[in-house]
Each structure stands twice: as C-alpha cells, then as structure tokens.
Amino acid sequence: MAGEPQADCLFCKIVEGHVPADVVRESETTIAFRDINPQAPTHVLVIPKAHYPDAASLAAAEPGVVADILTEAGRIAADEKIDDHGYRVIFNTGAGAGQTVFHAHLHVLGGRGLQWPPG
Ligand code: 5GP
Ligand code: ZN
C-alpha cells in the first residue's frame, strides 16, 4: 500500500531505527539526519516517515507532508545558522538527476558558497 514501509529501502530502515543515523530533528511525519557523504558543511536530509519513491508521488498522496518537510528544512537552516548567508533545498528526482535512494528526501545544503546553476 502507498506509504507503507518497504523492506528493501534504506531510509525506511533509518525511520524504523534499524540503520543508525545522526538525527538532527524529528516531527510526527518527518525525520532529518546528516548525509553520510556531506557535500557542504551542512548537509542534512529531510525525509517523510512514510515511504514514497520521490517528491512528486509524495506530493500527490500527502501534500501536507511536503509542507512539513519544507518547514523542517527552514528550522534546520536556522538551527545550523545557514539561513543568513543562504542555503539550498533539492529533491533529486530520477536516476538521471542523481537520485540514488528511492525514498523521497530533501537535501538541505549550506555553510559554503553555492554555485548557480548546479551541475
Ligand atoms: P540522492 O543521491 O538519492 O539524491 O541522495 C541520497 C543521499 O543519501 C546521498 O547524498 C548519500 O550520501 C546519502 N546516503 C546514502 N546512504 C546513506 C546512509 O546510510 N546514511 C546517511 N545518513 N546518508 C546516506
Ligand atoms: Zn522507504
């Protein structure tokens, strides 16, 4: 069923506590943890606790949780003090755009200069 945990999903395992993660925030619907391979001084992933393969399928099924993810991203940026200088939020969607984990996740990146456009 849509949103149910998937046995073969790494981020579902983090939600369930079966794989450890450096958790920075948690809400009723989301969890946020540091990326294992950070691309900036602050690199946090904000994910829905429910399993959806990407942002669009999450938005179609549970639009309120997309808002929760962005609200959490803003709080993380404030906590990490990257909001003054500026930060970036990214949903890589599809393998061609660099998505490697098919459980929706928002990257929150900051703490250094960020080029535009990204590669
Ligand atoms: P994507 O490439 O799908 O947009 O992002 C997946 C992200 O998950 C990558 O930035 C990668 O470094 C991160 N990642 C992969 N495995 C783990 C893990 O076991 N723990 C954590 N904290 N991050 C992970
Ligand atoms: Zn999952």
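For the structure, see preceding data.
Parameters and conventions
In this numbering scheme, every chain counts its residues from 1 along its sequence in written order. Starting at A for chains and at 1 for ligands, labels are handed out in the order in which the entities are written. For a predicted model such as this one, the threshold for reporting local features is a pLDDT of at least 70, and the threshold for listing and counting side-chain atom pairs is 80 or more; totals across whole chains, interfaces and linings nevertheless cover every residue. Computation of side-chain values covers all heavy atoms of the structure but excludes hydrogens and water. For two strands to pair, DSSP has to find at least two bridges joining them. Counting from the N terminus, the helices are DSSP H or I runs at least four residues long and the strands are E runs at least two residues long. The angle between two axes is taken between their N-to-C directions and runs from 0 to 180 degrees, where each axis is a line fitted to C-alpha atoms and a helix contributes only its stretch in contact. Here a residue-residue contact requires only that any non-hydrogen atoms of the pair lie within 4.5 Å. Note on ring pairs: Phe, Tyr and Trp rings are taken, using the six-membered ring of Trp, and paired if centres are within 6.5 Å. Classes follow the plane angle, with under 30 degrees stacked, over 60 edge-to-face and the rest tilted. Each residue's exposure class comes from its accessible area (1.4 Å probe, protein chains only) as a fraction of the maximum for that residue type: buried when under 20%, exposed when over 50%, partly exposed otherwise. Patch membership needs two things, relative accessible area over 30% and no salt bridge, and members are linked within 9 Å if like-charged or within 5 Å if nonpolar (Val, Leu, Ile, Met, Phe, Trp, Tyr). In short, Shrake-Rupley with a 1.4 Å probe defines the accessible areas, and a residue's cover is counted only from the protein chains shown. Criterion for a salt bridge: a side-chain nitrogen of Lys or Arg within 4 Å of a carboxyl oxygen of Asp or Glu. The definitions used throughout rest on a 1 Å grid laid over the protein atoms alone, on which a cavity is an enclosed set of points accommodating a 1.4 Å probe that cannot get out and a pocket is an open set flanked by protein within 12 Å on both sides along at least five of seven lines; lining residues are those having an atom within 4 Å of a point. Grid points are joined across faces, edges and corners, and a volume is the space filled by probe spheres set on the points. All residues other than Ala, Val, Leu, Ile, Met, Phe, Trp, Tyr, Cys, Pro, Asp, Glu, Lys and Arg, Gly among them, are scored as polar; the first ten of these are nonpolar and the last four charged.

Visitor: Just checking my understanding: could you explain the sheet that holds strand E5 (residues 106–110) for this structure?
Guide: Paired through their backbone hydrogen bonds, the strands of a sheet run either parallel or antiparallel. The five strands lie next to each other as E1-E2-E3-E5-E4, forming an open sheet whose pairing is antiparallel. A single partner strand is all that each edge strand has here, and the edge strands are strand E1 (23–26) and strand E4 (87–90). The sheet shows a mean angle of 20° between the axes of neighbouring strands, taken without regard to direction. As judged from the four bridges shared by E4 and E5, these two strands associate in the antiparallel manner. Each bridged residue has a counterpart across the sheet, and for Ile90 the counterpart in E5 is His107. Against the sheet, helix H3 (residues 63–79) contacts E1, strand E2 (30–34), strand E3 (42–48), E4 and E5, and its axis sits at roughly 155° relative to E3.

Visitor: How should I be thinking about the packing of aromatic side chains in this particular structure?
Guide: Under the counting rule described, the total for this entry stands at one aromatic pair. Pairing Phe11 with Phe33 gives two aromatic rings, centres 5.4 Å apart and planes at 80°, and the pair type is edge-to-face. With a gap of 22 residues between them, Phe11 in helix H1 (residues 10–16) and Phe33 in strand E2 connect regions that are remote in the sequence. Across the pair, Phe33 and Phe11 agree in class, each one buried.

Visitor: Any chance you could explain a nonpolar patch on the surface here in plain terms?
Guide: Taken together, the side chains of Leu70, Tyr87 and Val89 define a hydrophobic patch exposed on the protein surface, amounting to about 240 Å² of accessible area. With respect to the helices and strands, the residue Val89 is situated in strand E4.

Visitor: How do you make sense of the pattern of salt bridges when you look at a structure like this?
Guide: A pair can form between side chains of opposite charge whenever their charged atoms are brought close. In total, this model carries six salt bridges according to the counting rule given. The closest approach of N and O atoms between Asp22 and Arg34, which form a salt bridge, is 3.7 Å. Taken together, the positions of Asp22 in the loop between H1 and E1 and Arg34 in strand E2 put the pair twelve residues apart, joining distant regions of the chain. Given the relative accessible area of 44%, Asp22 is considered partly exposed. Residue Arg34 is classed as partly exposed on the basis of its relative accessible area of 30%.

Visitor: Looking at this model, I keep getting lost on the layout of surface pockets. Mind explaining?
Guide: Any empty space left between the atoms is revealed when a probe the size of a water molecule rolls over them. Volume-wise, the largest pocket comes out at about 660 Å³. Forming the boundary of the largest pocket are 30 residues, of which Asp35, Gln39, His43, Leu45 and His107 lie nearest the centre. Contributing elements (two or more residues each) for the lining of the largest pocket: H1, E2, E3, E4 and E5. Here the residues of the lining of the largest pocket are counted per class, giving 15 nonpolar, ten polar and five charged.

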